[in-house]
Each structure stands twice: as structure tokens, then as C-alpha cells.
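One-letter residues, chain by chain:
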Amino acid sequence: MSVLQPVRGTHDLLAEESRRHRRVEEVAFETARRYGFGEIITPIFEFTEVFSRTLGETSDVVTKEMYTFADRSGDSITLRPEGTAGVARAFISGGLSQHLPLKLFYRGPMFRHERPQKGRLRQFHQVGVELLGVESPQADVEVIALGAQMLAALGLKDKVRLELNTLGDAESRAAYRDALVGYLSGYEDRLSKDSLDRLQRNPLRVLDSKDEADKAVVAGAPLLTEYLNDASRSFFEQVQAGLAAVGVGAEVSPRLVRGLDYYCHTAFEFTTTALGAQGTVLAGGRYDGLISQMGGPATPGIGWAAGIERLSMLLDETPSADRPVAVIPMGADLGALPLAQRLRQAGFAVDLGYSGNVKKRLNRANKVNARAAVILGEDELARNAVAVRDLDSGEQEEVPLAVLEERLARFR
Ligand code: ATP
Ligand code: MG
């Protein structure tokens, strides 16, 4: 291990990659804005309990993946592995129940100690939304439609599909849980150790297992949809009808679950086949019991989170960088710096080479893909003018300094 290496599972985002990353983030933010979501920025670490309570003591994230440490005061702190818990904590500690319904957007780094692979990092980034305080299936429809619109705006409409399921209400889930435990108990010899543990503590989570033997058993398990009561069935129908009405296509995927008690009704994922095993780009669901479980006022909620790295890998094109104007002095002391400053203050992106002859500086202008060059020569400056060269066409003209911004406007 060399300390000059990035920590395993972390990654520097340079030039092109950072532009793809920003693109995803900005499109997500802009789409959320159109749906009336404002940004919330919570700390990237919280007391460990914020996550252990919300994510459940048996979840993979809590048992295996958290970056937890005692800080200098001896408090147990965890780098956030996901965004919802912090938002729920902020909702409670900030007394935000006065402001319902609340529509919140977040973005930023998340931390999970997993085995790094393509699309799976230890520090990764998410954008996400939470809609708090709305019981009606309209909230589910809007939140899913927001996700679909963001993906479409990123040009990914044809690369992803929406898988949708319902977990029903508490009564439906209790009935299903009994049936599932009955079924799984017949296969105790084939289930993984983790799943045997889940069978006792949280049987729905067995459906989420990535273990091959577990998956084979799960394939024959009863379906939750067969245990829905009328109210739950009607809720699900309203979500589906709402999605159809706003033009969002969905496929019912009866094995899609969220294994924690406070999840109910709608569960969904946007998946792709283009990223191998890491095919889920956006995942979410309704969590009406979450905030009360954390000790806050009973408040329904629904939200999703999307992995920025996975979305960024799916983008067809890298957004192009700004094309600057290059300011090129043909000798020392020709006022390049003040002129660059003047143009920047007028709103131009300006690149200034720091040394070398004109040829070298023109090469640099090409390297940074400059759109135009402003060349400062003694003769022109004596006439209060500069040469402006269109670096795409090669055309050059003399421009009086007084009208420089005006003449450069077409190169913006
Ligand atoms: P997976 O099944 O791939 O482990 P998950 O169920 O743990 O995903 P969520 O907690 O639902 O994922 O997070 C939402 C999204 O965040 C995922 O769909 C994915 O796009 C992204 N994501 C999750 N974990 C990672 C990671 N370690 N590296 C990169 N992206 C991730
Ligand atoms: Mg995971």
C-alpha cells in the first residue's frame, strides 16, 4: 500500500469525467427544480445510530458496508452510505413537519465499504429526491416521473427500463410474511447463513439476496402481489394508472422488494443491461414508517436515489468544455494580463499562456480548443487595436480595442 495511491474504491474525476459527472448532477437538479424540489445539503457524516436505525440492523449496508469510527470525543460517527437517513434526521431535528409537503433534492458523495468493481466504488456519488408528507399515490407518480424525465433528459430513455412493484400496506405484508416464512422454512438446508439469519429477523430481505443458492430457492417463493388486500391493490392500480397518464412506461416486477419494515406500497428501479452486474441506476420506494421509526412525527415519504457514476458511464457523449478566447502577446509587457482581465469581467472565458513565443502560444490555444485568439502586437497596439483570429477558419482581422467585446461576442 502506497500512501500516494488513491484509497481503494475511490477515484479522481478529471476533465472529461468530471464534466460527465457534472452533467448528470445538473440535469438531475434542473429536472427536480421543474417538479418543485428544492435542495437540501446535509452533513456527510452523522451519528452512527441515524443509519443503523433507519437502514435496519440486518441490512448489508449496516452490517458490512459502513465507514464507522469513533471521533476524538468518542462519539460513533459514520460517513453517510446513503441520503435518506440524513434527510429524515434533518426533518426531525429541524422541526420541518410544519412545512409539509416537502420536496427535497440532494446530491453528493456516499461511502460504502464494498468490493470495488466497475460501477461499484467505496466513495461514490448520488443524486436523490424525497417527497415527504403525501399519502396519495400522486406522490409516487410524480417522484417516478421525475426520475424518468431526468433519465430522458440525459438521453438514456432507450437504455433503461422501469421495474415497478408494490409491497402493500402493513396488513398485506404481514400476511405475505407468514406465507414466505412458511415457504422458506422448508428450505433451511439450502439457504445461506445470512438468509437464515434474515429468515428470523426480516424475511422479506431474503428476496433481495444475491447468493445463487438463495436465488434458486427464492425463484419458487410465493408472490407478494397474491397477498394484497383491497386497499393495497387499489393503491397500486392508481400508481400504474397515473404513470400511464403521464406517459411513463413501467413493467411490473413481482420480485422487486425493499426488505425493511418501514417500506410500503411502491418499490421501483430503473435498470440497464449496459453495465453488467451493476445494472440498477436508480432505485426508490415509499417509506411511510421511516420517520416515526426514527422517533419523529408519523410522516409518509417516498423517494429515490441514483448513482452518478453509473449514469455518467451510460452517457453517449462527453459534454464539451468551454471554448475560451486565447490572449496572445507577441512580446513581453504588452498588457496581456489586464486585457484578459477586462474580457473575463465582460463574461468571456479567457486562456492566457504564460510563456513562449507566439507559435508556442498558438499551439497552446489549439490544445485548450480555443475558439479565437486575440493577438497583441506592438504595431496594432500603437493604433489602439489588436488582431482577432478565428481559430476554426483561420481568418484574421484587426479590431479596435474599443469594440473588442462586441466583435468577440460571436465567439462566445
Ligand atoms: P446494488 O444492488 O447495486 O448494491 P443498492 O441496492 O445497494 O445497489 P441503493 O442503496 O438503492 O443501491 O442506491 C441507489 C443507487 O446508488 C444504486 O442504484 C446505484 O446506482 C448507486 N450505488 C449504490 N451503491 C453504489 C456503489 N458502491 N458504487 C457506485 N454506485 C452505487
Ligand atoms: Mg449495495
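No experiment lies behind these values; they were computed from the predicted model shown. (Residues numbered from 1 in each chain as written. Chains lettered and ligands numbered in written order. Predicted model: local features only at pLDDT ≥ 70, side-chain atom pairs only at ≥ 80, totals over all residues. Heavy atoms only, no water.)

Caption draft 1: Up close: the overall build of the chain. Counting its regular elements, the chain contains 15 helices and 16 strands. At 27 Å, the chain has a C-alpha radius of gyration far larger than the 22 Å of a compact globule built from 412 residues. Referenced to the eigenvectors of the C-alpha coordinate spread, the extents of the chain come out at roughly 90 × 55 × 40 Å. Taking all 412 residues of the chain together, the buried fraction comes to 50%. Pairs at least 24 residues apart make up 69% of the contacts formed inside the chain by residues separated by at least 6 positions. Accessible area of the chain: about 20,300 Å², with a carbon and sulfur share of 49%. (Helix = DSSP H or I, 4+ residues; strand = E, 2+ residues; numbered from the N terminus. Rg over C-alpha atoms; globule rule 2.2 N^0.38 Å. Buried < 20%, exposed > 50% of the residue type's maximum accessible area, 1.4 Å probe, protein only. Contact = heavy atoms within 4.5 Å. Areas by Shrake-Rupley, 256 points an atom, 1.4 Å probe, with all protein chains shown as cover.)

Caption draft 2: Local environment of helix α7 (residues 193-201). For α7, the set of buried residues is Ser195, Arg198 and Leu199. Buried positions in α7, seen along its axis, are confined to an arc of 110 degrees and lie on one side of it. Those residues of α7 that are exposed and aimed more than 90 degrees away from the buried face are Lys193 and Gln200. Packing partners of the buried residues in α7 comprise α3 (60-65), α6 (170-185) and α8 (212-218). (Arc of directions from axis to C-beta.)

Caption draft 3: Inspection of the side chain of Glu25 at higher detail. Within the fold, Glu25 resides in helix α1 (residues 15-34). Here Glu25 falls in the buried class, since its relative accessible area comes to 11%. Within the structure, Glu25 has its side chain in polar contact with the side chain of Arg22 (distance 3.1 Å). Once residues within four sequence positions are removed from consideration, Glu25 is found in contact with Phe105, Arg107, Val127 and Ile308. (Polar contact = N/O pair within 3.5 Å; in protein donor to acceptor, adjacent residues only side chain to side chain.)

Caption draft 4: Summary view of the sheet that holds strand β2 (residues 45-47). Strand order in the open sheet made by the three strands is β2-β4-β3, with antiparallel pairing throughout. Looking along the sheet, the strands with just one partner apiece sit at the ends: β2 and β3 (67-70). Each strand of the sheet is rotated relative to its neighbour by a mean of 30 degrees, with strand direction disregarded. Sheet topology note: the β2/strand β4 (residues 76-79) ladder contains three bridges and is antiparallel. Looking at the pairing, Phe47 lines up with Ile77 of β4. (Pairing = 2+ DSSP bridges. Axes fitted to C-alpha atoms, helices over the stretch in contact; angles between N-to-C directions.)

Caption draft 5: Examining the domain arrangement of the chain more closely. Looking at the assigned domains, one finds that the chain contains domain 1 (15-169 + 229-314) and domain 2 (325-411). For domain 1 versus domain 2, the separation of C-alpha centres amounts to 48 Å. (Domains from an automatic or database assignment.)

Caption draft 6: Summary view of the environment of His125. Tracing the backbone shows His125 in strand β6 (residues 123-132). In the structure, His125 is positioned 18 residues away from Arg107 in sequence and 7.2 Å away in space, judged by C-alpha atoms. Apart from residues lying up to four places away in sequence, His125 is in contact with His21, Gly108, Pro109, Ala306, Gly307, Ile308 and Glu309. Side-chain polar atoms of His125 contact the side chain of Glu309, separated by 2.7 Å.

Caption draft 7: Quick peek at the packing of aromatic side chains. Going through the model one piece at a time under the given rule, you end up with four aromatic pairs. Aromatic side chains Tyr262 and Tyr263 sit 5.0 Å apart centroid to centroid with 35 degrees between the ring planes, which places their arrangement in the tilted category. The pair formed by Tyr262 and Tyr263 is uniform in burial state, with each residue classed as buried. The ring of Phe29 has Arg107 lying over it, and the distance from NZ or CZ to the ring centre is 4.6 Å. Its end group placed over the ring of Phe348, Arg412 keeps NZ or CZ at 4.3 Å from the ring centre. (Phe/Tyr/Trp six-rings, centres within 6.5 Å; stacked < 30°, edge-to-face > 60°. Lys NZ or Arg CZ within 6 Å of the ring centre and 35° of its normal.)

Caption draft 8: Structural view of the packing of helix α2 (residues 48-55) against helix α4 (residues 84-93). In contact at an axis separation of 9 Å, α2 and α4 are set at 110 degrees when each is read in the N-to-C sense. Classified by the angle between their axes, α2 and α4 sit roughly perpendicular to one another. Taking contact as the criterion, the partners of Val50, Phe51 and Thr54 in α2 are, on α4, Ala85, Gly86 and Arg89. Residue classes in the contact of α2 with α4 are distributed as three nonpolar, two polar and one charged. (Parallel < 35°, antiparallel > 145°, perpendicular 65-115°, else oblique. Nonpolar A, V, L, I, M, F, W, Y, C, P; charged D, E, K, R; others polar.)

Caption draft 9: The pattern of salt bridges, seen in detail. Per the counting criterion, the structure on display carries 26 salt bridges. Glu25 is the salt-bridge partner of Arg107, the closest N and O atoms lying 3.1 Å from each other. Residue Arg107 is found in strand β5 (residues 102-111), and its partner Glu25 is found in helix α1; the two are separated by 82 residues along the sequence. The shortest N-O distance in the salt bridge between Lys159 and Asp316 comes to 3.0 Å. Of the two residues, Lys159 is situated in the loop between α5 (137-153) and β7 (161-166) and Asp316 in the loop between α11 (308-314) and β12 (325-329); the sequence distance between them amounts to 157 residues. When its relative accessible area of 65% is taken as the criterion, Asp316 is described as exposed. Salt bridges sharing common partners tie together Asp60, Lys64, Asp194, Arg198 and Arg205. (Salt bridge = Lys/Arg side-chain N within 4 Å of Asp/Glu carboxyl O.)

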